[in-house]
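Notes for the structure review
Here is what each chain is made of, one letter per residue.
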Amino acid sequence: MVGRNDPCPCGSGKKYKKCCGKNAVGDITTLVSENIDRIVEGFVKESFNTADYHALEKRNHQWQQALNPAFADSLIDTIAMETYIYIDRPNLWRNYLNKQLAQPIRPQVKNILAAWLTPVFLLAKVESQDGDLITLIDDVTKKRYLMTGSPSKKFSGNWLFGIFMPDTRKGENGLTATSSVIFIPNDKIGITQALRSKLESNITDSFELYKTFLEAVAPINHVEAAATVVKEVQAAKPVEEKQVVTESELSPFQTEILTLVQQYANEYNLSVDAFIPLLQQYLEQNEVKAKKANTVAAGAVLAGQAATTIPEGGLSKVKDVAAYYDVSASSVSKYRSQIGEFLAQ
């Protein structure tokens, strides 16, 4: 039997009582997820060099010009980056994960990272959603998968397309969706048929697959039709009322953060007219290196509520705001603190 002061058998180098021991009686799922989040967030910082940044900047420009009729700018940025990392330059991701796998980490974390070495494109039918558990069927192989979602988010459509990774936390057929996965309404059958055909033909070229969203819309009134597709497929909870308007030159990532905060305010009927300009100032004055805009948005909401620049009426607990944005509670603490300090000045 392992003593509380003995080295933890997971190989972390910590004492058992400060590592796996503190969760010995309960579930360590949260602890494992927090470790995974920290590893993923360190990828770009540790793996990208100047050449990669230049290549990605050029890629973003080209993809923005080509795909703009079909997708919002922020989504194109995300698609361009994630296809670059996971599909077109997979060695960047694999080398980073292999480096992490060589470290003394928990077996549960190691199993997840090992499965994430091979991200894949997937077109899947949403079979059912029960609370935070979503059942998907691969439209090509007909294999059934399980994925974690959020009970507060209901899919606007019946299909998902994008890059997925195996996730052993949900069992043998578990999946994790990347940030660029797109929701496709059931009535856009032309898109799903075209994507299915390309995937069945073993087409893995990222740009060729995303061009499908341009090819599937009617040639007449092309831009208007494509814009309609985007509104329906891009997200489960589109901004319904106020839109974020910025006068300064914000990056697509910064604008996405502001939009996500406004989305939250719209859903809970909260006025953030005083908070949005302050958050914009923070983003202009501070370099934010988070992988997901959702993480920063969740931290911003929590900071705004603590400072009362966002009124009461929304979610009051950290874990609930984190769940709303599909991020871990621990990952938002950094931005909650930083934005809170900025608001207190």
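Described below are features of the structure shown in this document. What you see is a predicted model; the values in this text were computed from it and never measured. (Residues numbered from 1 in each chain as written. Predicted model: local features only at pLDDT ≥ 70, side-chain atom pairs only at ≥ 80, totals over all residues. Heavy atoms only, no water.)

1. Quick word on the overall build of the chain
In terms of regular secondary structure, the chain is built from 15 helices and six strands. Taken across its 345 residues, the chain has 46% of its residues classed as buried. Long-range contacts, defined as pairs at least 24 residues apart, comprise 64% of the intrachain contacts of the chain with a sequence gap of at least 6. Surface exposure of the chain reaches about 17,400 Å², of which carbon and sulfur atoms provide 50%. (Helix = DSSP H or I, 4+ residues; strand = E, 2+ residues; numbered from the N terminus. Buried < 20%, exposed > 50% of the residue type's maximum accessible area, 1.4 Å probe, protein only. Contact = heavy atoms within 4.5 Å. Areas by Shrake-Rupley, 256 points an atom, 1.4 Å probe, with all protein chains shown as cover.)

2. Focus on the pattern of salt bridges
For side chains bearing opposite charge, pairing can occur when the charged atoms are close. Under the counting rule described, the total for this entry stands at eight salt bridges. The shortest N-O distance in the salt bridge between Glu46 and Lys99 comes to 3.7 Å. Placement of the pair is Glu46 in helix 2 (residues 43–47) and Lys99 in helix 5 (residues 90–101), with a sequence separation of 53 residues. Note that Arg89 and Asp52 form a salt bridge whose closest N and O atoms lie 3.4 Å from each other. With Arg89 in the loop between helix 4 (73–88) and helix 5 and Asp52 in helix 3 (residues 50–67), this pair connects stretches of sequence that are 37 residues apart. Residue Arg89 is classed as partly exposed on the basis of its relative accessible area, which comes to 36%. (Salt bridge = Lys/Arg side-chain N within 4 Å of Asp/Glu carboxyl O.)

3. Remarks on the pairing of strand 2 (residues 133–138)
Pairing analysis gives six bridges linking strand 1 (residues 120–130) to strand 2, with the strands arranged antiparallel. Paired with Asp130 across the bridge in strand 2 is Leu133. Counted between consecutive antiparallel strands, the loop separating strand 1 from strand 2 contains two residues, among which Gly131 sits at a positive phi close to 65 degrees. Hairpin connection, strand 2 to strand 3 (residues 144–148): the antiparallel pair is bridged by five residues, and Lys142 has positive phi, about 65 degrees. (Pairing = 2+ DSSP bridges.)

4. A word on the packing of aromatic side chains
Inspection of every chain in the model, using the stated rule, returns 20 aromatic pairs. Ring geometry for Phe48 and Tyr84: centres 6.3 Å apart, planes at 65 degrees, overall edge-to-face. Here Tyr84 lies in helix 4 and Phe48 lies in the loop between helix 2 and helix 3, a separation of 36 residues in the sequence. Given a relative accessible area of 9%, Phe48 falls into the buried group. (Phe/Tyr/Trp six-rings, centres within 6.5 Å; stacked < 30°, edge-to-face > 60°.)

5. Regarding unusual backbone geometry
Phi angles above zero are rare outside glycine, and Asn269 is one such case at about 55 degrees. Its place among the elements puts Asn269 in the loop between helix 11 (252–267) and helix 12 (275–285). Phi angles above zero are rare outside glycine, and Asp326 is one such case at about 60 degrees. Assignment of secondary structure puts Asp326 in the loop between helix 14 (318–324) and helix 15 (333–344).

6. As for the packing of helix 11 against helix 12
Helices that pack against each other are described as a pair by the angle of their axes relative to one another and the distance between those axes. Interhelical geometry of helix 11 versus helix 12 gives an angle of 155 degrees and a closest axis separation of 10 Å. Overall, the two elements helix 11 and helix 12 adopt an arrangement that is roughly antiparallel. Crossing angle aside, the handedness with which helix 11 passes helix 12 is right-handed. Each of Gln254, Ile257, Leu258, Val261 and Gln262 in helix 11 lies in contact with helix 12, whose residues at this interface are Phe275, Ile276, Leu279, Gln280, Leu283 and Glu284. A per-class count over the contact of helix 11 with helix 12 returns seven nonpolar, three polar and one charged. (Axes fitted to C-alpha atoms, helices over the stretch in contact; angles between N-to-C directions. Parallel < 35°, antiparallel > 145°, perpendicular 65-115°, else oblique. Left-handed = near helix turned anticlockwise from the far one by under 90°. Nonpolar A, V, L, I, M, F, W, Y, C, P; charged D, E, K, R; others polar.)

7. A few points about the pairing of strand 3
A one-sided burial pattern is seen for strand 3, the buried positions being Tyr145 and Met147 and the unburied ones Arg144, Leu146 and Thr148. Examined bridge by bridge, strand 2 and strand 3 share five bridges and lie antiparallel to one another. Note that in strand 3 the partner of Leu133 across the bridge is Thr148. Inspection of the sheet shows strand 3 paired to strand 5 (residues 174–177) by two bridges, in the parallel sense. Across the sheet, residue Met147 finds its bridge partner in strand 5, namely Leu175.

8. Describing helix 11
With 16 residues, helix 11 should cover 22 Å at 1.5 Å per step; its first-to-last C-alpha distance of 22 Å lies within 8% of that length. Along helix 11, the residues that are buried comprise Gln254, Ile257, Leu258, Leu260, Val261, Gln262, Gln263, Tyr264, Ala265 and Asn266. Among the structural elements, helix 12, helix 13 (293–306) and helix 14 are those in contact with the buried residues of helix 11. Following helix 11 by one or two positions, Asn269 has its phi on the positive side, about 55 degrees. (Expected span 1.5 Å × (residues − 1).)

9. Points about the side chain of Asp167
Of note, Asp167 is situated in the loop between strand 4 (159–166) and strand 5. Looking at Asp167, the relative accessible area reads 4%, which means it is buried. Aside from chain neighbours lying at most four places away, what touches Asp167 is Ile112, Trp116, Gly174, Leu175 and Thr176.

10. Topic: the nonpolar core
With 47 residues, the main nonpolar core has Phe71, Trp116, Phe161, Tyr210 and Phe213 as its most contacted residues. Ranked by the residues each element gives to this core, the list is headed by helix 4, at eight residues. Once you skip the residues sitting within four places of it in the chain, Trp116 turns out to touch Ile36, Val40, Trp93, Leu97, Met165, Pro166, Asp167, Arg169 and Thr176. Residues Val272, Leu283, Ala297 and Ala303 belong to the second largest nonpolar core, which totals 35 residues. (Core = buried A, V, L, I, M, F, W, Y, C linked by side-chain atoms within 4.5 Å.)

Shape descriptors only; they carry no functional weight alone.
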